[in-house]
Amino acid sequence: MASRRVSSVLSRSFTSASLFSAGRSSSVARGIGKYSTDASFEAPIIPSVNVNYTQLLINGQFVDAASGKTFPTLDPRTGNVIAHVAEGDSEDINRAVSAARKAFDEGPWPKMTAYERSRVLFRFADLVEKHNDEIATLETWDNGKPFEQAAKTEVPMIVRFFRYYAGFADKIHGLTVPADGEYHVQTLHEPIGVAGQIIPWNFPLLMFAWKVAPALACGNTVVLKTAEQTPLSALYVATLLQEAGLPPGVLNVVSGFGPTAGAALCSHMEVDKVAFTGSTDTGKKVLELAAKSNLKTVTLELGGKSPFIVCEDADVDKAVELAHFALFFNMGQCCCSGSRTFVHERVYDEFIEKAKARAEKRIVGDPFKGGVEQGPQIDSDQFEKILRYIDYGIKSGATLETGGGRLGTKGFYIKPTVFSNVKDDMPIAQDEIFGPVQSILKYKDLDEVIRRANTTRYGLAAGVFTQNIDTANTLTRALRVGSVWINCFDVFDAAIPFGGYKMSGHGREKGIYGLSNYLQVKAVVTPLKNPAWL
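Going along each chain's sequence as written, the residues are numbered from 1 onward. Reporting in this predicted model follows two pLDDT cut-offs: at least 70 for local features of residues, and 80 or more for side-chain atom pairs to be given and counted; totals over whole chains, interfaces and linings ignore these cut-offs and use all residues. Excluded from the side-chain calculations are hydrogens and water; all other atoms, namely the structure's heavy atoms, are used.

## Examining the overall build of the protein chain
Next, step 1: Of the regular secondary structure elements, the protein chain holds 16 helices and 22 strands.
Next, step 2: The C-alpha radius of gyration computed for the protein chain amounts to 24 Å, which stays within 12% of the reference 24 Å derived for 534 residues, consistent with globular compactness.
Next, step 3: The principal-axis extents of the C-alpha atoms in the protein chain amount to approximately 75 × 55 × 40 Å.
Next, step 4: A simple rule labels every residue: compare its accessible area, found with a 1.4 Å probe on the protein chains alone, to the largest value its type can have, and call it buried under 20%, exposed over 50%, or partly exposed in between. A buried classification covers 57% of the 534 residues belonging to the protein chain.
Next, step 5: Here the analysis covers contacts within the protein chain between residues at least 6 apart in sequence; of these, 76% occur between residues at least 24 apart.
Next, step 6: Only the protein chains shown count as cover for residues, and the accessible areas themselves come from Shrake-Rupley with a 1.4 Å probe. Approximately 21,100 Å² of the protein chain is accessible, and the part contributed by carbon and sulfur atoms is 51%.
Next, step 7: The charge count treats Lys and Arg as positive and Asp and Glu as negative. His and the chain ends do not count. Working definition for charges: the position is that of NZ of Lys, CZ of Arg, CG of Asp or CD of Glu. In the protein chain, 57 side chains carry a positive charge and 58 a negative one; their mean positions are 1 Å apart. Where helices and strands are cited, they refer to DSSP runs of H or I of at least four residues and of E of at least two residues respectively, numbered from the N terminus. Both definitions apply: the radius of gyration is a C-alpha atom measure, and the globule rule equals 2.2 Å times residues to the power 0.38. Residue contacts are counted whenever heavy atoms from the two residues lie within 4.5 Å of one another.

Next comes the structure, spelled out in structure tokens:
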């Protein structure tokens, strides 16, 4: 699958009429009333997949946790238990790191030719493609995201990411460096060693790919901790990596909780690098533990409160649709979601009216049902957090245009919610809600919106909707964020780097920049005797 196709499936842009119409109402949506498909009206669809992998993967074998403990992973559509999964803790992290250390120091993976490593990764990508629907079903069941999103976008993107980095494996090389004097100087790019990786629950499969693919391509070994809410898909795809020929101990997967397994991984003296995606508060703890142990390098992809700026020249219908996608995609559980919608005063009232109408047409329900745009939130904690922020919005004086509560009586469904008259100092404009709550703010001119958009501790992403190239160029350079999307949003191609400014993180993932997280640079200097040239 070409990179253009993969990115455009996930993104929304307005370079063609077909993308605009695809983002709005399908035949499923037409004729369905406000907040359609109340989940309590129907029995949930039974997934057509078995859960076969619930143990820890250590040194190529599935094993129970050393303590024998398990924990339940829940179906967010109902709150019912899907399966009980092994609960790893510090002892299991020790076992996994030991396996990864031996596989790096003694095993074949870093000593293989880069071409052989690439062949393993290509075979894995082929296997993921073959098992697309089974993997997507596990992801939807455990996470609650629409099956169509998982099957048609996210699993194909995993395939794309692994093929992308498989292609890089035999193209990692250093330089010959001219130096003053009679010396031959070269640089070597070497694998960093054992990489500890901690992935989040909102995009479990994609974050698996973002982290594991470049680490393996560079010749490292990995200990991966899954999010406790969504362990199933990573355990399944790890078996496909083994089937593709990955040697034992190169990838180890431990399910467990942050204060036990996660903290042990960040603190481990034999882990050479940690990559973490999650909240800013947890990212601070990861950085602290890494510094207090062996000063391991750390990559952090953290929170965001991204501005989506609708300029005065906007086609309001298209701007409403793109802003809706930017916020509500993945049930609002996206670190870069356009959660502060800044709208120019000239089009503000029209925008509010149409944003409300679009939210009320959003199709919410069982994510296994065709045409559903929004499934449940991940769990009860996130569900209650979102409802609290909705209450904060009402109490702080914002205008609740629509939504504002639970949808149905089962599971963790929330009505698509839109607030107008939002002020910068309100909690819903400052904090990362991570849910389907759109906060719309009014602005007068470009200087004002630049200042207000940048007045945040975050700096992950931003969206700009304008027909004026000068306005676009001004905002692109003025916004202090890692990604700016002009007349599109959430374009996540394998080659495009992603990461944040300020408290949104350290480093970049994806693209050629993602390789540097898993490589060390060594300078080698050799004297030359009677050189023919320097």
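Back to the text.
## Here we look at the pattern of salt bridges
Next, step 1: By salt bridge we mean one thing: a side-chain nitrogen of Lys or Arg within 4 Å of a carboxyl oxygen of Asp or Glu. With the rule as written, the count across this model stands at 24 salt bridges.
Next, step 2: Note that R358 is salt-bridged to E321, the shortest N-O span being 2.9 Å. Of this pair, R358 sits in helix α12 (residues 348-360) while E321 sits in helix α11 (residues 316-328), and the two are 37 residues apart along the sequence.
Next, step 3: On the basis of relative accessible area, E321 is assigned to the buried category, the value being 1%.
Next, step 4: Each of R101, D105, E270 and D272 takes part in one network of salt bridges that share partners.

## Re the sheet that holds strand β22 (residues 519-527)
Next, step 1: A pair of strands is treated as paired once DSSP finds two or more bridges between them. With respect to topology, three strands assemble into an open sheet ordered β6-β7-β22, the strand pairing being antiparallel. Strands at the two margins of the open sheet, each flanked by one partner only, are β6 (176-177) and β22.
Next, step 2: Examined bridge by bridge, strand β7 (residues 183-191) and β22 share nine bridges and lie antiparallel to one another. Directly across from T187, in β22, lies its bridge partner A523.

## Quick word on the nonpolar core
Next, step 1: Counting residues in hydrophobic clusters, the biggest one holds 105 residues, and the most contacted among them are F162, F208, L251 and F351.
Next, step 2: In terms of residues, this core owes the most to one element, helix α6 (residues 147-168), which gives twelve residues.
Next, step 3: The residues touching F351, leaving out its near neighbours within four places in the chain, are V310, V316, A319, V320, A323, T341, V343 and I440.
Next, step 4: Definition of nonpolar core: a set of buried residues of the types Ala, Val, Leu, Ile, Met, Phe, Trp, Tyr and Cys, connected through side-chain atoms within 4.5 Å. In terms of nonpolar packing, the next biggest core, distinct from the first, is built from 27 residues, Y389, V422, V449 and A453 among them.

## Things to note about the pairing of strand β8 (residues 194-198)
Next, step 1: Within β8, five of the five residues are buried, which leaves it mostly tucked inside the rest of the structure.
Next, step 2: Along β8, one buried face is formed by V194, G196 and I198 and the opposite face, lined by A195 and Q197, is buried too.
Next, step 3: Judged from the five bridges that link them, β8 and strand β9 (residues 221-226) form a sheet pairing that is parallel. Residue pairing across strands places V194 opposite T221, the latter belonging to β9.
Next, step 4: For a crossover, the right-handed case is the one in which the path from the first strand over the helix to the second runs clockwise, viewed with the strands pointing away from the viewer. Taking the sense of rotation as the criterion, the β-α-β connection linking β8, helix α7 (residues 204-217) and β9 turns out right-handed.

## Details of the packing of aromatic side chains
Next, step 1: Two aromatic rings, drawn from Phe, Tyr or Trp (for Trp, its six-membered ring), form a pair once their centres lie within 6.5 Å of each other, and the interplanar angle then sorts them: stacked below 30 degrees, edge-to-face above 60, tilted otherwise. Throughout the structure, instances matching the rule amount to 21 aromatic pairs.
Next, step 2: Ring geometry for W201 against F434: centres 5.5 Å apart, planes inclined by 90°, an arrangement best described as edge-to-face. Here F434 lies in the loop between α14 (427-430) and β17 (437-443) and W201 lies in the loop between β8 and α7, a separation of 233 residues in the sequence. F434 matches W201 in its accessibility class, with the two residues each being buried.
Next, step 3: Note on W485 and F492: the rings are 5.7 Å apart at their centroids and 80° apart in plane angle, and the pair reads as edge-to-face.
Next, step 4: Assessed through its relative accessible area of 7%, F492 is described here as buried.
Next, step 5: Ring pairing ties together the aromatic residues F161, W210, F308, W485, F489, F492 and F498, which thus form one cluster.
Next, step 6: Stacked on the ring of Y518, the Lys or Arg K273 has its end atom at 5.5 Å from the ring centre.
Next, step 7: The rule is short: NZ of Lys or CZ of Arg within 6 Å of the ring centre and within 35 degrees of the ring normal puts a charge over the ring. If you follow K510 out to its NZ or CZ, it ends over the ring of W210, 5.3 Å from the centre.

## Concerning the sheet that holds strand β13 (residues 307-310)
Next, step 1: The seven strands lie next to each other as β15-β16-β17-β14-β13-β18-β19, forming an open sheet whose pairing is mixed. Looking at strand neighbours, the two that pair on one side only are β15 (399-402) and β19 (483-486), the edges of this open sheet. When strand polarity is set aside, the average angle formed by the axes of neighbouring strands in this sheet is 25°.
Next, step 2: Both strand β16 (residues 417-420) and β17 contribute to a ladder of three bridges, which runs parallel. Pairing of T417 across the sheet is with V437, part of β17.
Next, step 3: Under this scheme, a helix contributes an axis fitted over its contacting stretch, all axes are lines through C-alpha atoms, and angles between N-to-C directions fall in the 0 to 180 degree range. In the packing of α11 onto the sheet, contacts are made with β13, β14 (340-344), β16, β17 and β18 (461-465), and the angle to β17 comes to roughly 135°.
Next, step 4: Helix α13 (residues 380-395) rests against β15, β16 and β17 of the sheet, and its axis sits at about 25° to β16.

## Digging into the side chain of H344
Next, step 1: Position of H344 among the secondary structure elements: in strand β14.
Next, step 2: With relative accessibility at 7%, the residue H344 sits in the buried group.
Next, step 3: Non-local contacts of H344, meaning those with residues more than four positions away in its chain, are made with V310, C311, E312, Y443 and K444.

## Notes on the state of the cysteines
Next, step 1: We call a pair of cysteine sulfur atoms a disulfide when they lie within 2.5 Å. One pass over the full model with this rule turns up zero disulfides.
Next, step 2: Cysteine C311 shares no disulfide, and the gap to the nearest cysteine sulfur, in C488, comes to 14 Å.
Next, step 3: Residue classification places C311 among the buried positions, given a relative accessible area of 4%.

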